[in-house]
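Observations on the three-dimensional arrangement
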Amino acid sequence: MKYTPEDEILIEEKWQELQDECRKAKVCKREDDWLFVKRAFLLAKEAHKGVRRRSGEPYIIHPIEVAIIAVREIGLGKKSVVAALLHDVVEDTEYTVEDISRIFTPKIASMVDGLTKMAGVYKNDTTEQAEYFRKVLLTLSDDVRVIIIKIADRLHNMRTLGAMPRNKQIKITSETIYLFVPLAYRLGLHAIKTELEDLCMKYRFPEEYEEIRRKIDATKTEREEYIARFIAPIREVLDRNKFQYEISARVKSIYSIWNKMRRKEIPFEEVYDLFAIRIVFKALPFPSEKTQCWQIYSCVTDIYTPKPDRLRDWISIPKSNGYEALHSTVMGPEGTWVEVQVRTERMNDIAERGFAAHWKYKHASITQEEDGLDRWLKRVRDALNSPAENALEFLDNFKLSLYKSDIVVFTPKGEPQSLPYGASVLDFAYEIHTKIGDHAIGAKINHRIMPVTTLLNSGDQVEVITAENAHPKAEWLDAVITSKARQAIQDHLKREREDNINYGMELLRTRLEEHNVLLSGRVLRKLMPAYECRNKDELYSKIGAGIISLDNLDKLLKENSSRKILKFWKLLIPGMEGEAQSDDVDDIDFEDDSATLDDTLPDVSRSDAPEFVMAECCEPIPGDNVVGYRDPKSGVIVVHKSTCDTLIRLAAQSGENIVKEEIKWSQQKAVSYLATVELSGVDRPGVLLDLTRLITTDFSINMRAMNIHSHDGIFEGTISLYVQDIVSLNALLDNIRHIKGVDRVKRLLNT
Ligand code: MN
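Here is what the cut-offs are and how they apply
- Residues numbered from 1 in each chain as written.
- Predicted model: local features only at pLDDT ≥ 70, side-chain atom pairs only at ≥ 80, totals over all residues.
- Heavy atoms only, no water.
- Donors = N, O, S within 2.8 Å, 3.2 Å for Na, K, Ca; no water.
- Buried < 20%, exposed > 50% of the residue type's maximum accessible area, 1.4 Å probe, protein only.
- Core = buried A, V, L, I, M, F, W, Y, C linked by side-chain atoms within 4.5 Å.
- Helix = DSSP H or I, 4+ residues; strand = E, 2+ residues; numbered from the N terminus.
- Contact = heavy atoms within 4.5 Å.
- Axes fitted to C-alpha atoms, helices over the stretch in contact; angles between N-to-C directions.
- Parallel < 35°, antiparallel > 145°, perpendicular 65-115°, else oblique.
- Left-handed = near helix turned anticlockwise from the far one by under 90°.
- Nonpolar A, V, L, I, M, F, W, Y, C, P; charged D, E, K, R; others polar.
- Salt bridge = Lys/Arg side-chain N within 4 Å of Asp/Glu carboxyl O.
- pLDDT = per-residue confidence, 0-100.
- Pairing = 2+ DSSP bridges.
- Disulfide = S-S within 2.5 Å.
- Patch = residues over 30% accessible without salt bridge, like charges linked within 9 Å, V, L, I, M, F, W, Y side chains within 5 Å.
- Areas by Shrake-Rupley, 256 points an atom, 1.4 Å probe, with all protein chains shown as cover.
- Lys, Arg positive; Asp, Glu negative; His and termini not counted.
- Charge placed at Lys NZ, Arg CZ, Asp CG, Glu CD.

Here we look at the coordination of the manganese ion
In the first shell of the manganese ion, the protein supplies H62 (NE2), H87 (NE2), D88 (OD) and D153 (OD), at 2.2 to 2.5 Å from the metal. By relative accessible area, D153 is classed as buried at 9%.

A look at the nonpolar core
Ranked by size, the top nonpolar core spans 67 residues in total, and within it L18, V81, L85, L86, I100 and F104 carry the most contacts. Ranked by the residues each element gives to this core, the list is headed by helix α9 (residues 144–159), at nine residues. In contact with F104, not counting residues within four places along its chain, are F36, R39, A40, L43, V82 and L86. Of all hydrophobic cores here, the second largest spans 40 residues; its members include Y209, F243, Y245 and I254.

Thoughts on the packing of helix α7 (residues 106–115) against α9
The contact between α7 and α9 brings their axes to 9 Å, and the two run at 50 degrees. By the angle between their axes, α7 is oblique relative to α9. For the pair α7 and α9, the crossing hand works out as right-handed. Each of K107, M111, G114 and L115 in α7 lies in contact with α9, whose residues at this interface are R145, V146, I149 and K150. Within the contact of α7 with α9, the residues separate by chemical class into four nonpolar, one polar and three charged.

Structural notes on the pattern of salt bridges
For the coordinates displayed, the defined rule picks out 34 salt bridges. The closest approach of N and O atoms between E345 and K282, which form a salt bridge, is 3.6 Å. Linking E345 in helix α16 (residues 345–353) with K282 in the loop between β2 (275–281) and α15 (289–303), this pair joins segments that are 63 residues apart in sequence. Of the residues examined, K282 reaches a relative accessible area of 40% and is grouped as partly exposed. Taking the shortest distance from any N to any O, the salt bridge between E506 and R509 comes out at 3.6 Å.

Regarding the confidence of the model for the protein chain
Within the protein chain, residue pLDDT values average 79, and 81% of them lie at 70 or more. In the predicted structure, residues 118–125 sits below a pLDDT of 50 and forms 14 contacts with residues beyond four places in sequence or in another chain. Low pLDDT, under 50, characterises residues 364–369; the predicted model gives this stretch five contacts beyond four residues in sequence or across chains.

Focus on the pairing of strand β15 (residues 702–711)
The pairing of β15 with strand β16 (residues 714–723) spans nine bridges and is antiparallel. What sits directly across from N702, in β16, is Y722. Where β15 hands over to β16, the hairpin turn is made up of two residues, of which D712 adopts a positive phi near 50 degrees.

Describing the state of the cysteines
Counting across every chain of the model gives zero disulfides. You can see C22 has no disulfide; the closest cysteine sulfur is in C28, sitting 5.1 Å from it. Of the residues examined, C22 reaches a relative accessible area of 1% and is grouped as buried.

Overview of a positive patch on the surface
Residues R54, K168, R630 and K660 make up a contiguous surface patch of positive charge. Note on placement: R54 falls in the loop between α2 (31–47) and α3 (61–73). We classify R54 as exposed; its relative accessible area is 55%.

Written out as structure tokens, the structure reads:
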């Protein structure tokens, strides 16, 4: 498809826009720099010639937009603009990385290489997508700018997501929620993070998105009048004190309003901190920026009373993504809480544009100390360099690290060591040296002896105690959060386990031979249930480790196997064990077994329809917004709620399994779904009776389990029910709410 004259005009206009942005940001200082950028534009334009995006636009518009985001919204420089313009050239056209290296520089070529997506088609392999992410993240260790351009690329793709089919939208938004939003947060790209979240919501929950947007618009005039009244006295006092400042008002993002509504289960009208005002001022050389921020805080709180528990000082200790500001919430006119943020121009630049601005100011200052962002990057590099065998596991660990802040602890000599929040003695020990971690048996924390699993607090002084014969244990995995420690422990356990399996197999073989029995599948099937092992490796390794002694082998081999199989199944189904009941009087628990199997089964309208099952993680019921995910092994379609964390993770890691068709709830069939309800209230005689009568008699709903505890005159607990859809569930909840004594009742959302 040749470009039309209109296309050419569009391209020329976009290119002009990029040049304007570069000029404004002073990206190109010399004439050579301009030629460099222009050469990149011409090459990209030539390479993508005649190609269009799904939206119909000439393809070259996309790299130009990404370059514009890099300059205007992130504040990156010339090399990044060039790399952004070329970011899809190697992936989609004939040009190679070597060509880029020849025409530009090896540095640009390596950036473009990092930006080049993984080639080839996706197979039905979940680890493949995770490998792709790993590759994305690997670029972090070469050059952080590459990952920032990747985020800019993602932002533009999200802005133009409307042209994509629904299953692609789910895949792309899942990846965005799973990885790009946390990365943008971690790199301090606040504005981009917020926009990405809003865009994800817009495509996943279009109705809810529109409704909140409409409500924000509807209250606009009212809000602006209020803010004007709120700000007037602040301006007066700041003017009097000769501050140079600007005040802006910001409404919370649609996504964060929605999130708060869901989290607190409140309507839009009750989200009280709907808006915030921001005071950005030009700091004088003296006194310190910090002092000046507190002076402004003091001016504001002379007028409005602050809410004591809502003061956030991110100046004394900046957030680990570099964010600095002073936040407080004050009582404005008419009893409305208003958040007030105070920042200097420098802090504001960092808050808006994140990483790039952060580095700019950092290099300008004399101090070269590591800060939170540096330390995090260093840890990411460590994690990436360690040979994580399982990409999925690596990714989950990495993702967890994105939102964590840091603590600082000290060695016995007083040297500071920073660790992620939630780190234990073991994390600290492994951070110092693998050998120290492997042989740790305890620690002196502030001169007191504590176990290795103890969590550390900022300021602790820690001395690890080791013993030559101590070794890592499997339980340690629950006590560590750094990938370095986790990896070292896993490596050790794996070696140990392999040794044990081999040793255990030999041991068993020898002992069987003593009884003239050959080690065979039949014998193993007999022994595994007897020793409560689920597979032969477990059996061997337990024998090898001495957990299973083979003293009674003789007896076992002779015994009839039927009893042991029963024992085996008992192990797998804990409910059959008949566990001791708790001594709570009000604790009743019953099961309606007839309902458990058939009624939870899928909603299938035609006999040739694919098999559906409801996901256990989020228990969707008719009326919920759902997405289908085809289990690659069984081919069964698992139906998840759109909000389900597990779904987001699956879709991000292997989005090709998202079912293309939208799943509709069928109306005809009366099928039941499991839903869990949580409730609490003031205890009185008969309240449980009223409750069960309402559910089983009035509503004819089957209960699967009920678990209510009563203490100090308060009862609380959960009820699992089989309901037909969300309408009947909501009707039931409304009625339960009216039972005397019931205070709160809601559907338990597993996500
Ligand atoms: Mn792209």
